[in-house]
Amino acid sequence: MYRPLFARIDTAALQHNLRQVRALAPASKVLAVLKADAYGHGVQTVASALQEADALGVLELEQALALRAAGERRPIVLMEGYFTADELPLLAEHQLTPVIHSTQQLAWLQQAWLPLRLDVWVKLNSGMNRLGFPPGPYREVVQQLSRWPQVGRVTLMSHFATADETDGVAAQLVTFLMETEGMQLPVSLANSAAILAHPDTHADWVRPGIMLYGARSGAASAASQGLRPVMSLLSRLIAVQHVEPGGSIGYGATVVAEYPMRIGVVACGYADGYPRHAPTGTPVLVGGRRCQLVGRVSMDMLTVDLSGCPDADVGTEVELWGTQLPVDEVAVAAGTLGYELLTAVSARVPRCPV
Ligand SMILES: *Cc1c(COP(=O)(O)O)cnc(C)c1O
């Protein structure tokens, strides 16, 4: 690795954040959500760091099979289930647990001959209107599935649209409780926002994603929730320019110097996943000091104003986000979410677990 850009993955922080989940939901089992390559952190790294999690959640069958091939024995939930009937024998063979949310998936399962029973999670659309069976049909689907010889354990699930907003979860929770009344089956409802704000949703299984990675889901900062950032996106200055008044910086010449400026060039651009829309003023940490991004982000580089850090020079370490600069702060400046920044870090950026 010669280019100085990399993502440091703090596995102790991951473990700390999982303990925070346990402290908040002591009676629940934990399904660690590892979709989108563990929110950009690397699915194998995170799965092995989180040995204390009870189950793992991923999206792609390939990723689930890779985890099994690496010796993973815990339940693995496929969070969108299967996309074709062909996948079902593989799911059974490798004991993967699909979410079932559509009549199409149900029909494929009914017609499948399987070598082993499949555990399934059955999703109720309680109001988000993304995935799941509507109330009414849901009850029948659960009853059917519980009788089929292809099916092992059935877990009931739903997902909240506004767990991190003032609307909260009340309406969806009532819908879920009414629809599942009398069913003696395990239940999973809570994402990070609900784990943090709605203890009445914790039930048998919680499903933390973003909080495991130490970024925030609601209004309060992750640090104020006792969470530690897991990814630090680190690089170095690879050039320093002196720009005289009237000189411009970068593509589009969007910034023109009004006074003599020292400009640092950082090896990190939008092809690495740094948001191209981050405006001038977005915070960047250079040599441990807060500086500001200036001018447009390019494909492989971005530029920072070094006026406030005379000691910074070629080779000085830069933190784009991480332990000293919360990813959420960069996200706010760029008009997006920590979720998007973390999952967008591109494949060419090496992940370095520590
Ligand atoms: C992504 C996802 C989660 C995790 O959400 P966070 O907000 O990251 O905690 C939980 N459940 C389902 C169904 C999801 O798709």
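These numbers come from a predicted model, not from an experiment. (Residues numbered from 1 in each chain as written. Predicted model: local features only at pLDDT ≥ 70, side-chain atom pairs only at ≥ 80, totals over all residues. Heavy atoms only, no water.)

**Let's talk about the overall build of the chain**
So the rule is basically this: Secondary structure elements follow DSSP: runs of H or I of four or more residues count as helices, runs of E of two or more count as strands, with numbering from the N terminus. Burial status follows relative accessibility: with a 1.4 Å probe on protein chains alone, a residue under 20% of its type maximum counts as buried, one over 50% as exposed, and anything between as partly exposed. Contacts are assigned to residue pairs that have any heavy atoms within 4.5 Å of one another. Surface accessibility in these figures is a Shrake-Rupley result with a 1.4 Å probe; residues are shielded only by whichever protein chains are displayed. For this count, His and the chain ends are skipped, Lys and Arg are scored as positive, and Asp and Glu as negative. Working definition for charges: the position is that of NZ of Lys, CZ of Arg, CG of Asp or CD of Glu.
Within the chain, the regular secondary structure consists of 11 helices and 18 strands. Its C-alpha atoms give the chain principal-axis dimensions of about 75 × 40 × 35 Å. Looking at the 354 residues of the chain, the share that counts as buried comes to 53%. Here the analysis covers contacts within the chain between residues at least 6 apart in sequence; of these, 63% occur between residues at least 24 apart. Roughly 15700 Å² of accessible area belongs to the chain as shown, and the carbon and sulfur atoms make up 54% of that amount. Each charge sign in the chain was given a centre, from 26 positive and 32 negative side chains, and these centres are 4 Å apart.

**Some thoughts on the UniProt feature "active site" (unreviewed entry) in the chain**
Where we set the bar: UniProt positions are given in the numbering used here, feature names are shortened, and annotations may be inferred rather than shown by experiment.
Here the UniProt feature "active site" (unreviewed entry) sits at K35 and Y251. Spatial dispersion of the annotated residues is evident: they stretch over 217 residues in sequence, and the largest pairwise C-alpha distance comes to 34.9 Å. Overall, the relative accessible area of 30% leaves K35 in the partly exposed class. When residues no more than four places from it in sequence are discounted, the contact partners of K35 are G57, V58, L59 and M79.

**Topic: the site of the ligand**
Basically, it comes down to this: Near is defined per residue: the residue qualifies when any heavy atom it owns lies within 4 Å of the molecule or strand. Pairing of N or O atoms within 3.5 Å defines a polar contact, subject to two protein rules: one partner must be a possible hydrogen donor and the other a possible acceptor, and residues neighboring in sequence count only if both atoms are side-chain atoms. Amino acids outside the nonpolar list (Ala, Val, Leu, Ile, Met, Phe, Trp, Tyr, Cys, Pro) and the charged list (Asp, Glu, Lys, Arg) are all regarded as polar, and Gly is one of them.
The environment of the ligand is made up of 13 residues, and the closest members are K35, Y39, S192, I210 and Y339. Y39 places a polar side-chain atom, nitrogen or oxygen, 2.5 Å from an oxygen atom of the ligand. The backbone of I210 places a nitrogen or oxygen atom 2.8 Å from an oxygen atom of the ligand. Contact with the protein chains hides 91% of the accessible area of the ligand, taken as 390 Å² for the molecule alone. Grouping the constituent residues of the shell around the ligand by class yields six nonpolar, four polar and three charged.

**Brief notes about the side chain of S192**
As for its position among the elements, S192 is in helix α9 (residues 192–197). We classify S192 as buried; its relative accessible area is 3%. Other than its neighbours up to four places away in sequence, S192 contacts R207, P208, G209, I210, M211 and S217.

**With respect to the domain arrangement of the chain**
How big an interface is tends to be reported as the loss of accessible area on association of its parts. The following threshold applies: Where each domain starts and ends follows an automatic or database-derived domain assignment. Computed with a 1.4 Å rolling probe, the buried area is the accessible surface lost when two parts are put together, summed over both parts.
You can read the domains of the chain as domain 1 (11–219) and domain 2 (231–353). Relative to domain 2, the C-alpha centre of domain 1 lies at a distance of 37 Å. Taken together, the contact between domain 1 and domain 2 spans 11 residues of the former and nine residues of the latter. A combined buried area of about 940 Å² lies between domain 1 and domain 2, and 65% of that area is made up of carbon and sulfur atoms.

**Topic: the nonpolar core**
Where we set the bar: Nonpolar core, defined: a set of buried Ala, Val, Leu, Ile, Met, Phe, Trp, Tyr and Cys residues in which side-chain atoms within 4.5 Å join the residues together.
By size, the foremost hydrophobic cluster in this structure holds 109 residues, and its most contacted members are L34, L109, L145, Y274, V286, L320 and W321. Here this core spans two domains, since at least three of its residues come from each of domain 1 (11–219) and domain 2 (231–353). If we ignore the near neighbours within four places in the chain, the residues touching V286 are L237, C291, V304, L306, C309, A312, T316, E317 and V318.

**What about the pairing of strand β5 (residues 97–100)?**
Under the convention used in this document: Seen with its strands pointing away from the viewer, a crossover is right-handed if its path from the first strand over the helix to the second goes clockwise. Two strands make a pair as long as DSSP finds a minimum of two bridges between them.
The side-chain alternation of β5 yields two buried faces, one formed by T97 and V99 and the other by P98 and I100. Handedness of the crossover joining strand β4 (residues 76–78) and β5 through helix α5 (residues 87–93) is recorded here as right-handed. With two bridges connecting them, β5 and strand β6 (residues 118–123) associate as parallel partners. Paired with V99 across the bridge in β6 is W121. As a crossover connection, the stretch from β5 through helix α6 (residues 103–111) into β6 is right-handed.

**With respect to the pattern of salt bridges**
Test applied: We count a salt bridge whenever a side-chain nitrogen from Lys or Arg sits within 4 Å of a carboxyl oxygen from Asp or Glu.
Going through the model one piece at a time under the given rule, you end up with eight salt bridges. For the salt bridge of R74 with E72, the shortest nitrogen-to-oxygen distance reads 2.7 Å. The buried category is assigned to E72, whose relative accessible area is 11%. A salt bridge links D272 to R348, with the shortest nitrogen-to-oxygen separation between them at 2.5 Å. Of this pair, D272 sits in the loop between β13 (261–266) and β14 (283–286) while R348 is found in the loop between α11 (338–344) and β18 (351–353), placing the two residues 76 residues apart along the sequence. What you see here is one network of salt bridges that share partners, running through R3, D272, D300 and R348.

**Thoughts on the side chain of E72**
Structurally, the position occupied by E72 is in the loop between α4 (61–69) and β4. Polar contacts involving the side chain of E72 include one to the side chain of R74, which spans 2.7 Å. When near neighbours in sequence (up to four residues on either side) are disregarded, E72 contacts A47, L56 and L67.

**Description of the packing of aromatic side chains**
What characterises a pair of aromatic rings is the spacing of the ring centres plus the angle enclosed by the ring planes. Keep this limit in mind: Two aromatic rings from Phe, Tyr or Trp, using only the six-membered ring of Trp, form a pair when their centres are within 6.5 Å; if the ring planes differ by under 30 degrees the pair is stacked, by over 60 it is edge-to-face, and anything between is tilted.
Inspection of every chain in the model, using the stated rule, returns five aromatic pairs. With 4.7 Å between their ring centres and 20 degrees between their planes, Y39 and Y213 make a pair best called stacked. Here Y213 lies in the loop between β9 (205–206) and β10 (231–243) and Y39 lies in helix α2 (residues 35–39), a separation of 174 residues in the sequence. Given the relative accessible area of 2%, Y213 is considered buried. Taken together, a centroid distance of 5.7 Å and an interplanar angle of 55 degrees make the contact between W121 and W205 tilted. Of this pair, W121 sits in strand β6 while W205 sits in strand β9, and the two are 84 residues apart along the sequence. For W121, a relative accessible area of 5% gives the class buried. One aromatic cluster is present, formed by Y39, Y213 and Y339 through successive ring pairs.

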